[in-house]
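Letter by letter, the chains look like this.
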Amino acid sequence: MAGPIAFVRPVPDAFAEAVTSHPVDPPLDPERAAAQHAGYVRALEAGGYEVVAIPPAPDAPDSPFVEDAAVLIGERVLVTRPGHPARRAETAGVAVVLGERFPLQSVEAPATIDGGDVLVVGRRVLVGLSGRTNREGVEAVAAIAIPQGFEVAAVPVGAVLHLKSGLSAIDDRTVLWHRDACDRDALVGLDVVEVPGDDPEAANVVRLADGRILVSAAHTATADLVSGRGREVVGIDVSEFGRADGGLTCLSIRRRV
Ligand code: CIR
């Protein structure tokens, strides 16, 4: 089996036009985002991932949030149909690169699915029902996951963009959870660490291949919680992506083993 791999996509100048839930002032800064993206890539590499860059999409402002365009579970990939119509053109270029390594499945209308709504924890797959992902989208994820031995559960998402905007895993049974992401009851059977504060993105971290946890530098309480669980933390600044409603997981499609 190949080693840990992460797919990323560079920041285009058009990033200034990314979809945002709130007006941003000053405008999004593609240069600053590109510098932060370079730091993110370095952190993934230092954490043990082979990083593969998908060719840039100059006309797709949100394309660095590559996680939303494809879901990689086990040995199979679901090319998504993003919930926001402006993001649908992103999937073609992602499919070309992932298709060189994995069998692809695609999604037909009326299904919509954003990868930000799909959290794999051990053999469990939690799929958020959100403004971006519908029931048919959940079924499409189940169709690639269940035959590989994963359990799949639909999870109604709270006041966040995606399920993972406020929920992520630090090992195969422990999740960081912010109350805005979903009902805690949806996580029964998992070890749940509640992340305090008003910003759900504080619960969005990335498991590096070497077991360390990538945490946004803005979220020092999260870093303390993670290190309190015996995990080494790597801090990184991704604030420019946060202004466009994205967090750490959004910037890559990863497979750890
Ligand atoms: C969007 O609204 O679609 C982007 N501006 C942000 C996407 C963030 N992706 C993610 O949480 N997986």
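Scroll up a little and you will see the structure.
Residues numbered from 1 in each chain as written. Predicted model: local features only at pLDDT ≥ 70, side-chain atom pairs only at ≥ 80, totals over all residues. Heavy atoms only, no water.

### Considering the state of the cysteines
Counted only if it meets this: In this description, a disulfide is simply a cysteine sulfur pair whose atoms lie within 2.5 Å. For every residue, the accessible area (1.4 Å probe, protein chains only) is compared with the maximum for its type, and the residue is labelled buried under 20%, exposed over 50%, or partly exposed between those bounds.
Applying the stated criterion across every chain yields a total of zero disulfides. Free cysteine Cys182: the closest other cysteine sulfur is in Cys250, separated by 16 Å. By relative accessible area, which is 5% here, Cys182 ends up buried.

### Examining the nonpolar core
Basically, it comes down to this: Nonpolar core, defined: a set of buried Ala, Val, Leu, Ile, Met, Phe, Trp, Tyr and Cys residues in which side-chain atoms within 4.5 Å join the residues together. Segments assigned H or I by DSSP are reported as helices when at least four residues long, segments assigned E as strands when at least two residues long, and all are numbered from the N terminus. The contact rule is simple, with two residues in contact once any of their heavy atoms fall within 4.5 Å.
Counting residues in each nonpolar core, the largest one holds 25 residues, and the members touching the most others are Phe15, Tyr40, Leu44, Phe65, Leu214, Phe241 and Leu248. Taken together, the elements giving at least two residues each to this core come down to strand 1 (5-8), helix 1 (30-46) and strand 14 (233-236). Considering each element in turn, this core owes the most residues, five residues, to helix 1. Beyond its immediate sequence surroundings of up to four residues, Leu214 is in contact with Tyr40, Ala43, Leu44, Val205, Val206, Leu208, Val234, Ile236 and Leu248.

### Looking at the site of the ligand
Defined as follows: Proximity is defined per residue: if any heavy atom of the residue lies within 4 Å of a molecule or strand, that residue is considered near it. By the criterion applied in these results, polar contacts are pairs of N or O atoms within 3.5 Å in which, for protein atoms, one can donate a hydrogen and the other can accept it, and in which residues neighboring in sequence qualify only through two side-chain atoms. The accessible surface values rely on the Shrake-Rupley method and a 1.4 Å probe; as for residues, cover is taken only from the protein chains in view.
Close to the ligand lie 14 residues, the nearest being Val19, Asp62, Glu67, Arg132 and Cys250. Contacts to the ligand include Glu67, whose side-chain N or O atom sits 2.7 Å from a nitrogen atom. One of the backbone nitrogen or oxygen atoms of Ala244 is found 2.8 Å away from a nitrogen atom of the ligand. Taking 350 Å² as the accessible area of the ligand by itself, protein coverage stands at 99%.

### Quick look at the pairing of strand 6 (residues 118-121)
Here is the rule: Between any two strands, at least two bridges found by DSSP are needed for them to pair.
Bridge count between strand 6 and strand 7 (residues 124-129): four bridges; the pairing is antiparallel. Looking at the pairing, Leu119 lines up with Leu126 of strand 7.

### Notes on the sheet that holds strand 13 (residues 213-216)
With respect to topology, three strands assemble into an open sheet ordered 12-13-14, the strand pairing being mixed. Two strands lie at the open edges of the sheet, namely strand 12 (206-207) and strand 14, each paired on one side alone. In the sheet, strand 13 pairs with strand 14 via four bridges, with the strands oriented parallel. Residue pairing in the sheet places Ser216 in a bridge with Ile236 of strand 14.

### Details of the pattern of salt bridges
Condition: Salt bridges are counted wherever a side-chain nitrogen of Lys or Arg sits within 4 Å of a carboxyl oxygen of Asp or Glu.
Under the criterion given, the structure shown has 13 salt bridges. Salt-bridge contacts for Asp172 lead to Arg207; the nearest nitrogen and oxygen are separated by 3.0 Å. With Asp172 in the loop between strand 9 (167-169) and strand 10 (174-177) and Arg207 in strand 12, this pair connects stretches of sequence that are 35 residues apart. Judged by its relative accessible area of 49%, Asp172 is partly exposed. When its relative accessible area of 15% is taken as the criterion, Arg207 is described as buried. Beyond isolated ion pairs, a larger network of salt bridges with shared partners links Arg32, Glu240 and Arg243.

### As for the sheet that holds strand 5 (residues 104-105)
What counts here: Between N-to-C directions, angles cover 0 to 180 degrees, with each direction set by a line fitted to C-alpha atoms, over the stretch in contact for helices.
With mixed pairing, three strands are arranged side by side in an open sheet as 3-4-5. Each of the sheet's edge strands pairs with one partner strand only, and the pair in question is strand 3 (70-73) and strand 5. Judged from the two bridges that link them, strand 4 (residues 76-79) and strand 5 form a sheet pairing that is parallel. Its bridge partner being in strand 5, Val77 is matched across the sheet by Leu104. Packing against the sheet, helix 3 (residues 135-145) makes contact with strand 3, strand 4 and strand 5, and its axis sits at approximately 165° to strand 4.

### Let's talk about helix 2 (residues 91-99)
At 3.6 residues per turn, the α-helix brings residues three or four places apart onto the same side. Restricting attention to buried positions, one finds in helix 2 the residues Thr91, Val94, Ala95, Val97 and Leu98. In the core, the buried residues of helix 2 are packed alongside strand 1, strand 2 (50-53), strand 3, strand 4, strand 5 and strand 15 (253-255).

### Looking at unusual backbone geometry
Backbone torsion omega between Asp25 and Pro26 reads 0°, so that peptide bond is classified as cis. Structurally, the position occupied by Pro26 is in the loop between strand 1 and helix 1. With a phi close to 70°, Asp245 is a non-glycine residue in the positive phi region. Position of Asp245 among the secondary structure elements: in the loop between helix 5 (239-242) and strand 15.

That's the geometry; what it means functionally is another story.
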